[in-house]
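Close look at the chain arrangement
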Amino acid sequence: SGKLVYQKTYLNNVLSHWMTLDTSIMPPSYTTSDRVYILKLKDDTYAAIKFTDYMNAAGTKGYISFDYIYPLSL
C-alpha cells in the first residue's frame, strides 16, 4: 500500500560491529570479528562475550550464538 512503518529499537553501536556484511558481491558475505567484548553491568559486575555464529544448525541465518564468562574477574 506504499506505507513505511518504523519500529523503535535500541542499538548498541559497539556490539553491533561483531559481524560485517559485504553486499558488494552476491550472495552477500558475512564475516565475524572474533572480538571479545567486556561488559560492565548495572550491578558493577563484568561479563565477557564473544559472538560465534549467526546461523542455526540447519544453516538458517538470524540465530546468534555466543560464548560468555560471567562473572568476570578483572
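Below, the structure is looked at part by part. (Residues numbered from 1 in each chain as written. Predicted model: local features only at pLDDT ≥ 70, side-chain atom pairs only at ≥ 80, totals over all residues. Heavy atoms only, no water.)

Overview of the nonpolar core
The biggest cluster of nonpolar side chains holds 5 residues, and these are Trp 18, Tyr 37, Ile 49, Phe 51 and Tyr 54. Tyr 54 has contacts with Trp 18, Met 19, Tyr 30, Thr 32, Thr 60, Lys 61, Gly 62, Tyr 63 and Ile 64, leaving out every residue within four places of it along the chain. (Core = buried A, V, L, I, M, F, W, Y, C linked by side-chain atoms within 4.5 Å. Buried < 20%, exposed > 50% of the residue type's maximum accessible area, 1.4 Å probe, protein only. Contact = heavy atoms within 4.5 Å.)

Topic: the environment of Val 36
With respect to the secondary-structure elements, Val 36 resides in the loop between β2 (29-32) and β3 (37-40). You can call Val 36 exposed: its relative accessible area is 51%. C-alpha of Val 36 to C-alpha of Asn 12: the two residues are 24 residues apart in sequence and 15 Å apart in space. Residue contacts for Val 36: discarding those within four places in its chain leaves Ala 48, Ile 49 and Lys 50. (Helix = DSSP H or I, 4+ residues; strand = E, 2+ residues; numbered from the N terminus.)

Brief notes about the environment of Asn 12
Position of Asn 12 among the secondary structure elements: in the segment before β1 (19-22). A distance of 3.0 Å separates the side chain of Asn 12 from the backbone nitrogen of Val 14, its partner in a polar contact. Polar side-chain contacts of Asn 12 include one of 2.9 Å to the backbone nitrogen of Leu 15. (Polar contact = N/O pair within 3.5 Å; in protein donor to acceptor, adjacent residues only side chain to side chain.)

Describing the pattern of salt bridges
Pairing is possible between side chains that carry opposite charge, provided their charged atoms lie close to one another. All chains considered together, the criterion is met by 1 salt bridge. Across the pair Asp 44 and Lys 40 runs a salt bridge whose closest N-O atoms are separated by 3.7 Å. Take Asp 44 and Lys 40: they sit in the same class, and that class is exposed. (Salt bridge = Lys/Arg side-chain N within 4 Å of Asp/Glu carboxyl O.)

Here we look at the packing of aromatic side chains
Going through the model one piece at a time under the given rule, you end up with 5 aromatic pairs. Pairing Phe 66 with Tyr 68 gives two aromatic rings, centres 6.2 Å apart and planes at 50°, and the pair type is tilted. A relative accessible area of 42% places Phe 66 in the partly exposed class. The exposed category is assigned to Tyr 68, whose relative accessible area is 58%. Ring pairing ties together the aromatic residues Trp 18, Tyr 37, Phe 51, Phe 66 and Tyr 68, which thus form one cluster. (Phe/Tyr/Trp six-rings, centres within 6.5 Å; stacked < 30°, edge-to-face > 60°.)

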